Amino acid sequence: MTLLRQMLFFAATIVSSALITAGGVAAEPVTFTKDAPLRSEPKFDAKPVAQIKQGTTGDASSKQGPWLNIKTPQASGWALTTDISFGSGGASSGGASMGGLFGPRRQQTSSTNTIGIRGFDKETIGNALGDGGAVSTEQLALLDGYAVDKAGGQEYASGKGLSATTISY
Amino acid sequence: MTRYKLLLIVALSLVCGVAQAQRGFDLGSLLNAGKDVATATTGISEKEEIQIGRELAGRILGQVALVDDANVQAYVNRVGRWIASQSERPDIPWRFGVANALNINAMAMPGGTILITRGLYDLLDNEAQLAGVLGHEIGHVIKKHHISVMQKQALVSAGANLAASRSGNNQIGKFALDKVKEMFLSGLDKDSEYEADAVGVILAARAGYNAFGLAEVLHKLNARAKGDESVAFLFATHPAPSDRLTKLGDLLTPRMSKLPSGIEPEITPVAEGTAAPTRGTAPTAGARSLTNEKPAAAPAANAAPAQKPALDAGGLLQGVKGLFGR
């Protein structure tokens, strides 16, 4: 094996070990923020396969509802989204789309540098509610035009297969 | 009149006295203010709440226009209205809009107007996450978090009348507006934000969505670096996303067995090519100073939304629909 081939093999090994794919989704490093069970299935009443200690790191490879499939050194199983933070060692290093775990990557218009662009920021809100601020009757009219009534919301939900459930706070 | 109300009147009169000195209000206004403090202690009516929220929304949209995509705006209103219908205030005139701003934030105005930035909207992967964000903002409205702050300050009615008696026009007077601005710039207290999170996830669950959509959005926010300008104002006015996640976990985990799993429909993206804001963009068209101008009419509770905008926007809307083939 030539040196070049050895280097290529080494690089491929690193890449493949860094990616635990499930449906093409790259694994995301996670850290448990509390002691929590890993369950055998993404269900609340599924059997716990291990009790994971706070601070344990692992890799999340897929999501189902509120559950993340996580591989830890101890075991693999399902944990709740709220049991972990993304990244290892406490610092969240996940990208804005969490490696596609939460859904397909979408066009991102948000920018890390929004200085000078009007937005919901201190300067713009200050201006809007300050002496120089002014009501846009045109924009309010647009807002009214887009509104739907209660029946419109219900009709939309029915079409999407959403049904209301009674849940107390 | 209770002793508490009397104390409030005296206190506010002193405050207004300072304002009078600064702004030249007359004694008659101060007396009117005294009357209005009693009103403030007994509550701001729903009609007033809607008018206040509408003026605030109009002012913000005077700086940052709605995204020019009628399909997305209608979609967000359908989703938002469905979620709001699961709340204790299903019949106020709910309005939802995506504002053409790149930074990541959302705002609830009293009375049911909710605006989310395009930056935040584009960050969302599915409708359950949108439901979580809108549910949080709806939570602020139904819990009257902003109105409560205004009432605690006992300044809205008083301030409005002080200014109104002077200029005879807008709902929120200059004096009160300064306080409202201060409230929006400094943010609500942490407990109000945590409460809005709690209400938001339950409303999303009631509406049939995965209740953890908001938690996923908080993970996305948590992934943003602290020096990231796009989340700077959001982080300055809200508890840390990691703290919010912890609170949500504490709330939701014990209730998992009773929460329906919910669904995560696809989200409707902003149409490609829709104009994004650029640096130095001028305030939106149609923005006018409130000086000597009558306030925009507020929709009444239970009123059916206008089928077409009151101004000449009907034609504009048709044009937008045609442009994107929807």
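Remember, predicted model here, so these are calculated numbers, not experimental data. (Residues numbered from 1 in each chain as written. Chains lettered and ligands numbered in written order. Predicted model: local features only at pLDDT ≥ 70, side-chain atom pairs only at ≥ 80, totals over all residues.)

Draft legend 1. Just the sheet that holds strand S3 (residues 113-117) of chain B, in detail. Residue and element names in this part refer to chain B. The three strands are arranged S1-S3-S2 in an open sheet whose pairing can be described as mixed. On the outer flanks of this sheet lie strand S1 (95-99) and strand S2 (106-109), each paired with one strand and no other. Between one strand and the next, the sheet's axes are offset by a mean angle of 15 degrees, whatever the strand orientation. Relative to S3, S1 runs parallel, the two sharing five bridges. What sits directly across from Ala99, in S3, is Thr117. Against the sheet, helix H4 (residues 70-84) engages S1 and S3, with an angle of about 140 degrees to S1. (Pairing = 2+ DSSP bridges. Helix = DSSP H or I, 4+ residues; strand = E, 2+ residues; numbered from the N terminus. Axes fitted to C-alpha atoms, helices over the stretch in contact; angles between N-to-C directions. Contact = placed C-beta atoms within 7 Å.)

Draft legend 2. Main features of the packing of helix H11 (residues 213-222) of chain B against helix H13 (residues 241-252) of chain B. All names here are of chain B. It is the contact of H11 with H13, at a shortest axis distance of 9 Å, that shows an interaxial angle of 155 degrees. Accordingly, the angle class assigned to the pair H11 and H13 is roughly antiparallel. When the axes of H11 and H13 are compared, the crossing they make is left-handed. Along its contact with H11, which presents Leu214, Ala215, Leu218, Leu221 and Asn222, the element H13 presents Pro241, Ser242, Arg244, Leu245 and Leu248. (Parallel < 35°, antiparallel > 145°, perpendicular 65-115°, else oblique. Left-handed = near helix turned anticlockwise from the far one by under 90°.)

Draft legend 3. Examining the packing of H4(B) against helix H6 (residues 127-142) of chain B more closely. All names here are of chain B. For the pair H4 and H6, the least separation of the axes is 10 Å and the interaxial angle reads 60 degrees. In terms of orientation, H4 lies oblique with respect to H6. Remark: the crossing between H4 and H6 carries right-handed chirality. Contacts between H4 and H6 involve Val79, Gly80, Ile83 and Ala84 from the former and Glu127, Leu130, Ala131, Leu134, Gly135 and Ile138 from the latter. For the contact of H4 with H6, the class distribution of residues is seven nonpolar, two polar and one charged. (Nonpolar A, V, L, I, M, F, W, Y, C, P; charged D, E, K, R; others polar.)

Draft legend 4. Fine view of the nonpolar core. Core analysis: the largest hydrophobic core is formed by 95 residues, its most contacted members being B:Ile60, B:Ile83, B:Ala131, B:Leu134, B:Val201 and B:Ala204. With residues near it in sequence (within four places) discarded, B:Ile83 still touches B:Ala131, B:Leu134, B:Gly135, B:Ile138, B:Leu203, B:Ala204 and B:Ala207. A:Ile84, A:Phe86, A:Leu101 and A:Phe102 belong to the second largest nonpolar core, which has 18 residues in total. (Core = buried A, V, L, I, M, F, W, Y, C linked by C-beta atoms within 7 Å. Buried ≥ 20, exposed ≤ 12 C-beta atoms within 10 Å, placed from the backbone.)

Draft legend 5. Quick peek at the confidence of the model for chain B. Residue and element names in this part refer to chain B. Averaged over every residue, the pLDDT of chain B is 76; the share at 70 or more is 66%. For residues 6-41, every residue scores under 50 in pLDDT, and the model assigns this stretch 53 contacts once sequence neighbours within four places are set aside. Across residues 304-326 the pLDDT falls below 50, and counting only partners more than four positions away or on other chains, this stretch makes 35 contacts in the model. With pTM at 0.78, the complex prediction returns an ipTM value of 0.82. (pLDDT = per-residue confidence, 0-100.)

Draft legend 6. Fine view of the environment of B:Asn103. Residue and element names in this part refer to chain B. Tracing the chain through its elements places Asn103 in the loop between S1 and S2. With 28 C-beta atoms packed within 10 Å, Asn103 lands in the buried category. As for Asn103 and Gly119, which are separated by 16 residues in sequence, their C-alpha atoms are 5.0 Å apart.

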